[in-house]
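# Structure assessment
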Amino acid sequence: MLDCGLSAQTVLSFLPLPLVPSARLSGLPNWMPRDCNNSQLEGELKDCCGRVFIDSAPEFCVPQEKIVDFSEIDVILISNYLCMMALPFITEGTGFEGVVYATEPTLHIGRFFLEELVQYIEQTPKASLASHWKDILHFLPPPLCDSLKPRSWRHLYSLSSVNSSLSRIQMVGYDEKLDVYGALKVTPISSGFCLGSSNWIISSDHEKVAYISGSSTLTTHPRPMDQSALKNADVLIMTGLTQTPLCNPDSMLGELCITVSTTLRAGGCVLMPCYPSGVIYDLFECLSQHLENLGLTQVPMYFISPVADTSLGYSNILAEWLSQGKQSKVYLPEEPFPHAFLIKNGRLKHYKNIYAEGFSTEYRQPCVVFCGHPSLRFGDSVHFMELWGSNPQHAVVFTEPDFPYLEALAPFQPLAMKAMHCPIDTSLNFTQGNKLVRDLKPTTLVIPESYLKPPVEAPNRTDLTIEQTDRNIISFKGGDVLTLPLKRKRAKVNLSPDVCNKLVVSEVRLGVNLATLTGQLHVKDNHHSIQVLDQTVTGSNSATRKLPRRPEETLSQMRYEWGSLDLDTFIQRLREDEGISDAKVEQSSSGYIIHLPKEDALIQVEDKSTHMYCDPQLRHRLRKVLLQCLNKI
């Protein structure tokens, strides 16, 4: 299984979970469809400025269990910490007994993401759970009526499930070759997207599949992308291209800095809904430098997350996973990230939550607050939206590309505070993706169907697609079952030294040598080897029969014929050895036909086969003559 991401878009259909009771949210009017009299539906749906939301604990769209039996999965390969959010749904309670491979940063930062998500939802439990709305989906207004299989949505896993799931992960390093039951080798290589992010090479002795997930060629804090290992794959599976093809990360970063500084100078505060790791490290660095250049060093930045302290601390001890520039600072000694310096100087303060010790005394405005969750449905960001939403001086800036910002803001309408959309997606864009495919030269390219069409907001931008010229492309969409054009035709076999010592090489033509061998073929864990013949061989009836003392002597008289039949020599041998002198030769489309009228026989000679049509006794004599006319080893 390649990755196990969790679709969190479904949480946008639910009302936010405030940290403190919200009179505004609790006062929203109930909504009921006109033609429905289901009393059990009462209170499940709320109306906010013409948009209907579910008043319940949020639910997530989990990987579809009926397509794949999770208990039959042997190996899961994780590309980065954003691609493992559904792991507890797959490994716990499903009969899964396989192994999960991931790099060290992916494991530990992934733990931060999973623990933060669980704590956000558990700290604001809902008294009642809504489920009857799923029975009347066709009565509901959009986008609720367009929900995909809501009966399969599930509430989030528990912290114990998270810990149990993560205990199954085996940590691996870049370029480490891992044996999968002897049948395959899998190798993680740097993808340049985030700390510890990987692309994967899946190979046998003669076939190669490359899997590209979230990848980046931009110069940021992770190690650069390794492209050479991906070249010349039989099948290249490419996913994880940018979710915001119309937005350039550099220009978005510039707009973000301008928006933040303008808001702060006007006395307002800035909320930045974010994840606890990833782009946030670069935002700390760029934004602090920009504010320093403008003389705004007195403005504090707050990072609020249940895992804030561990995320900041852990990022500074991952030297081997960082870019060369960041690595060099580790050995000075100097912290690779500037947030350590910012924390020492008091410009960046981090807290587990807004009611953590010291936050209320240290908090002052104007300020910049980094906190989760980017969906604005749970976490500390909900509190700040409720606190600042009615003040036009303040601003909320969206940098994560995972959620449509207008959808995230919908339950907070009417909203007076400014909202800016500055998505910073460092994933490969389509120009970079096309160049990468041209450089890698895969035999077959497998991509999502959406990569072949321009984005909906720019239907004429054909440059925002993957080129289809001069290559075999297979596209897919959700729920598709594909057969990849990859068949194993050869396998590697190891010869034991004892077998090699007994080989007798014959030169069949200049530069070409052949040898026959005799031995026993052993197959174990998908590894093939040829060993010296045992003195005893067990037959199908479990009886054991004795072989000659030296088995190779039994086969010493065997010969193997090769090469093409020399017709002149064959006709001459028929005349001399068998007294057949009336052979007539005719050329056919595939070779020759030799007719022997007196013997009532026909011999058909082709490049790789010979057919004889005659009585069995004559066939035996003709076969003997024919074999004498071929080369032997």
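Predicted model, so just to flag it, every value in this text is computed and none were measured.

### Brief notes about the pairing of strand S28 (residues 591–596)
Two elements, strand S27 (residues 584–587) and S28, share 4 bridges in a ladder whose sense is antiparallel. Its bridge partner being in S28, Gln587 is matched across the sheet by Tyr592. The hairpin turn running from S27 into S28, its antiparallel successor, is 3 residues long. Both S28 and strand S29 (residues 601–606) contribute to a ladder of 6 bridges, which runs antiparallel. Counted as the bridge partner of Leu596 is Ala601 from S29.

### Looking at the packing of helix H5 (residues 249–265) against helix H6 (residues 279–293)
Between H5 and H6, the shortest axis-to-axis distance is 10 Å and the interhelical angle comes to 50°. Between H5 and H6, the angle is such that the two are oblique. Note that H5 runs across H6; the crossing there is right-handed. Touching Leu253, Leu256, Cys257, Ile258, Val260, Ser261 and Leu264 of H5 are Leu283, Cys286, Leu287, His290 and Leu291, all from H6. Classifying every residue of the contact of H5 with H6 by side-chain character gives 10 nonpolar, 2 polar and no charged.

### Side note on the environment of Val299
Within the secondary structure, Val299 sits in the loop between H6 and strand S12 (301–304). For Val299, a relative accessible area of 5% gives the class buried.

### So, the pairing of strand S11 (residues 270–273)
The alternating pattern of S11 places Val270 and Met272 and Leu271 and Pro273 on opposite faces, both of which are buried. Alignment of S11 against strand S14 (residues 368–371), held across 4 bridges, turns out to be parallel. Along S14, the bridge assignment pairs Leu271 with Val369.

### Brief notes about the packing of aromatic side chains
For the structure on display, the rule yields 15 aromatic pairs. Residues Phe384 and Trp388 carry aromatic rings whose centres are separated by 5.0 Å and whose planes lie at 50° to one another, so their mutual orientation is tilted. On the criterion of helical spacing, the pair formed by Phe384 and Trp388 is a turn pair, its members being 4 residues apart in helix H11 (residues 380–388). On the basis of relative accessibility, which here comes to 1%, the residue Phe384 falls in the buried class. A network of ring pairs unites the aromatic residues Tyr302, Tyr351, Phe359 and Tyr363 as a single cluster.

### A word on the environment of Ala410
Positionally, Ala410 belongs in the loop between helix H12 (405–409) and strand S16 (418–421). Sequence spacing of Ala410 and Val260 is 150 residues, and the spatial spacing of their C-alpha atoms is 22 Å. Contacts of Ala410, omitting those with residues within four sequence positions, involve Cys48, Arg51 and Phe53.

### Regarding the sheet that holds strand S3 (residues 75–77)
The strand order S3-S4-S5 describes an open sheet built from 3 strands, whose pairing is parallel. Edge positions in the open sheet fall to S3 and strand S5 (169–172), since each of these has one partner strand only. This sheet shows a mean twist of 30° between the axes of neighbouring strands, independent of strand direction. The sheet contact formed by S3 and strand S4 (residues 99–103) spans 3 bridges and is parallel. Considered in S4, the bridge of Ile76 is made with Val100. Across the face of the sheet, helix H3 (residues 104–122) comes into contact with S4 and S5 while running at roughly 100° to S4.

### Topic: H5
Helix length check: H5 (17 residues) gives 24 Å between terminal C-alpha atoms against 24 Å at 1.5 Å per residue, within 8%. Looking at the packing, one finds that the buried side of H5 touches S11, H6, S14, strand S15 (395–398) and S16. The backbone nitrogen of Asp250 has a side-chain oxygen 2.8 Å away, supplied by the residue at the start of H5, namely Asn248. Just downstream of H5 lies Gly267, where phi reads positive at about 90°.

### Overview of the confidence of the model for the chain
With 92% of its residues at a pLDDT of 70 or more, the chain shows a mean pLDDT of 88. The secondary structure element of the chain with the lowest average pLDDT is helix H15 (residues 551–554), at 50, and the one with the highest is S3, at 97. Counting contacts from residues 538–543, a segment whose pLDDT is below 50, to residues more than four positions away or on other chains yields 3 contacts.

### What to know about the pattern of salt bridges
With the rule as written, the count across this model stands at 18 salt bridges. Across the salt bridge formed by Asp135 and Arg151, the nearest N and O atoms sit 2.5 Å from each other. Of this pair, Asp135 sits in the loop between H3 and helix H4 (159–166) while Arg151 is found in the loop between H3 and H4, placing the two residues 16 residues apart along the sequence. For Asp135, a relative accessible area of 40% translates into the label partly exposed. Take Arg151: its relative accessible area is 61%, and that puts it in the exposed class. Its salt-bridge partner being Arg438, residue Glu467 comes within 3.2 Å of it at the nearest N-O pair. Of this pair, Glu467 sits in the loop between strand S17 (444–448) and strand S18 (472–476) while Arg438 sits in helix H13 (residues 430–440), placing them 29 residues apart in sequence. Taking relative accessible area as the criterion, Glu467 reaches 33% and is therefore assigned partly exposed.

### Focus: the sheet that holds strand S19 (residues 493–495)
Read from one edge to the other, the open sheet built from 3 strands follows the order S19-S23-S22, with strand pairing classed as mixed. On the outer flanks of this sheet lie S19 and strand S22 (520–524), each paired with one strand and no other. Going from strand to strand, the sheet's axes swing by 25° on average, the running direction of each strand aside. In the sheet, S22 pairs with strand S23 (residues 527–531) via 5 bridges, with the strands oriented antiparallel.

### Focus: the state of the cysteines
This model, assessed by the stated rule, comprises 0 disulfides. Looking at the unpaired Cys367, the closest cysteine sulfur is the one in Cys269, lying at 3.9 Å. Classification of Cys367 by relative accessible area gives buried; the value is 0%. A disulfide-free cysteine, Cys422 has its sulfur positioned 8.6 Å from the sulfur of Cys247, the nearest such atom. When its relative accessible area of 0% is taken as the criterion, Cys422 is described as buried.

### Observations regarding helix H16 (residues 567–578)
Compared with the 16 Å implied by 1.5 Å per residue over 12 residues, the 16 Å span of H16 between its first and last C-alpha is a close match. Looking only at H16, the buried set comprises Leu567, Phe570, Ile571 and Leu574. Each buried residue of H16 lies within a common arc of 100° when the element is viewed along its axis, so the set occupies one face. Summarising the geometry of H16, the exposed residues directed more than 90 degrees from the buried face are Asp568 and Glu576. As for H16, its buried residues are in contact with S27, S28, S29 and helix H17 (616–628). The N-terminus of H16 is capped by Asp566, whose side-chain oxygen sits 3.2 Å from the backbone nitrogen of Asp568. The positive-phi residue at the C-terminal boundary of H16 is Gly579, with phi of around 70°.

Conventions and cut-offs
- Residues numbered from 1 in each chain as written.
- Predicted model: local features only at pLDDT ≥ 70, side-chain atom pairs only at ≥ 80, totals over all residues.
- Heavy atoms only, no water.
- Pairing = 2+ DSSP bridges.
- Helix = DSSP H or I, 4+ residues; strand = E, 2+ residues; numbered from the N terminus.
- Axes fitted to C-alpha atoms, helices over the stretch in contact; angles between N-to-C directions.
- Parallel < 35°, antiparallel > 145°, perpendicular 65-115°, else oblique.
- Left-handed = near helix turned anticlockwise from the far one by under 90°.
- Contact = heavy atoms within 4.5 Å.
- Nonpolar A, V, L, I, M, F, W, Y, C, P; charged D, E, K, R; others polar.
- Buried < 20%, exposed > 50% of the residue type's maximum accessible area, 1.4 Å probe, protein only.
- Phe/Tyr/Trp six-rings, centres within 6.5 Å; stacked < 30°, edge-to-face > 60°.
- Expected span 1.5 Å × (residues − 1).
- Polar contact = N/O pair within 3.5 Å; in protein donor to acceptor, adjacent residues only side chain to side chain.
- pLDDT = per-residue confidence, 0-100.
- Salt bridge = Lys/Arg side-chain N within 4 Å of Asp/Glu carboxyl O.
- Disulfide = S-S within 2.5 Å.
- Arc of directions from axis to C-beta.

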